[in-house]
Amino acid sequence: MASSFKSIYCDMDYYFDAYRTISEKTKCPAEHEWMAHWKSIIEKLSKSIQPGDDIRMLAVAAGNGFFEQKIVKILANMFQTSSVSVEIVEPAKKQLDKFKTNAQDVTNTLPNVSFKWFEDNFEEYMVKRQNNGCHHKFHLLLCINGIYYMEDWRSIIDQFYELLMPAGIMVNSINSSKSARGILSTRYREWEEVPGNQLTSDDITQCALMLTSDDITNYLKTKGISYHGRPRERANDITDVFDEESADGNMILDFIAQTKNFRQNAPKNLLQKVLDYLRKNSRGESGRRLICDDEIDIVIIKSIYSL
């Protein structure tokens with residue numbers, strides 16, 4: 001079983017294809033609502049930024065930068081007398097190259113913005129900082145749907161916090177624990193342990209390890225770090241998941257289960273439990289099946305007394 005039951009993240013090209021497929025079938029807030037949401041977050045930086053300051057932003061696991069570019073534009077337009085230095089950390093070369101291409105539009109229209117690129121995971125990026133004697137901190141640190149795949153995520157959150165300037169802002173975007181997909185992650189952990197699934201310890205899939213907002217916020221509470229959760233409503237169209245011949249449906253199922261070729265390789269009872277859950281917890285709308293995929297932006301503002 002271990003040779004065929006693999007995390008979707010073992011094949012990064014396939015992972016991003018699956019992410020694109022489910023994203024294209026996701027209902028999100030209107031653009032103006034999303035922009036207003038992020039403007040309200042970035043406005044809080046005004047307490048720590050003076051006119052002419054060099055603003056530093058770090059984006060970790062940025063993918064192709066679809067969201068990050070929009071946030072950079074908000075930041076640069078809000079603080080027009082400041083330079084904005086952006087460091088991008090993304091280990092997937094194809095995604096980073098897409099980001100670089102798209103970022104040319106940002107730098108062409110906003111001359112106060114500059115980018116520095118790191119084709120690394122976060123751990124590798126931190127080693128480079130140390131080797132290069134870098135000690136600068138950041139006003140804004142983003143990790144949008146990226147912390148799921150970081151094995152030692154508690155330590156990484158600690159490092160994120162240390163990288164913030166006093167009054168700096170960290171935002172981790174993650175599935176809500178109360179969303180249907182968030183609850184599935186918890187249920188899945190239980191289902192994989194059911195006798196008869198014939199899974200070895202090497203087979204435990206990424207879905208079983210998938211973090212949700214409660215994992216992050218509970219950890220922040222143990223560290224005494226204040227945070228504010230900002231929910232965003234989303235819904236995935238999973239209609240095609242129930243058509244076993246649908247290429248898009250199988251790719252969406254793989255992304256939800258975080259396992260490549262899940263329908264073909266999962267134990268039958270585990271596959272059936274996942275499909276039954278998706279069917280029972282989705283709603284009908286205009287002949288389609290939609291499942292709640294709400295996300296939460298966990299916003300942390302570092303204390304001005306932190307050293």
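None of the values given here were measured: they were computed from a predicted structure.

Student: I'd like a rundown of the nonpolar core, residues and numbers included.
Tutor: Formed by 61 residues in total, the largest nonpolar core has its most connected members in Ile 147, Phe 160, Ile 216, Phe 262 and Leu 278. Beyond its immediate stretch of four places on either side in the chain, Phe 160 contacts Val 60, Phe 122, Leu 141, Cys 143, Ile 147, Met 170 and Asn 172. Core analysis: the second largest hydrophobic core is formed by 32 residues, Trp 38, Leu 45, Ile 144 and Val 299 among them.

Student: I'd like a rundown of helix α3 (residues 66-78), residues and numbers included.
Tutor: Along its 13 residues, α3 runs 19 Å from first to last C-alpha, staying within 8% of the 18 Å computed at 1.5 Å per residue. For α3, the set of buried residues is Glu 68, Gln 69, Ile 71, Val 72, Ile 74, Leu 75 and Ala 76.

Student: Please provide a residue-by-residue account of the environment of Asp 254, values included.
Tutor: With respect to the element layout, Asp 254 can be found in helix α10 (residues 247-257). For the pair Asp 254 and Met 210, spaced 44 residues apart in sequence, the C-alpha to C-alpha distance is 14 Å. Filtering out sequence-adjacent residues up to four positions away, Asp 254 remains in contact with Ile 8, Tyr 14, Thr 259, Lys 260, Asn 261, Phe 262 and Arg 263. In this structure the side chain of Asp 254 is engaged in a polar contact, spanning 3.0 Å, whose partner is the backbone nitrogen of Asn 261. Among the polar contacts made by the side chain of Asp 254, one reaches the main-chain amide nitrogen of Phe 262 at a distance of 2.9 Å.

Student: Outline the sheet that holds strand β8 (residues 235-237), listing residues and values.
Tutor: Spatially, 4 strands are ordered β1-β8-β10-β9 in an open sheet, and the strand pairing comes out antiparallel. The open sheet has two edge strands, β1 (26-27) and β9 (282-285), and neither has a second partner. Sheet topology note: the β1/β8 ladder contains 2 bridges and is antiparallel. From the neighbouring strand, Lys 27 faces β8, where its bridge partner is Ala 235.

The rules behind the values
- Residues numbered from 1 in each chain as written.
- Predicted model: local features only at pLDDT ≥ 70, side-chain atom pairs only at ≥ 80, totals over all residues.
- Heavy atoms only, no water.
- Core = buried A, V, L, I, M, F, W, Y, C linked by side-chain atoms within 4.5 Å.
- Buried < 20%, exposed > 50% of the residue type's maximum accessible area, 1.4 Å probe, protein only.
- Contact = heavy atoms within 4.5 Å.
- Helix = DSSP H or I, 4+ residues; strand = E, 2+ residues; numbered from the N terminus.
- Expected span 1.5 Å × (residues − 1).
- Polar contact = N/O pair within 3.5 Å; in protein donor to acceptor, adjacent residues only side chain to side chain.
- Pairing = 2+ DSSP bridges.

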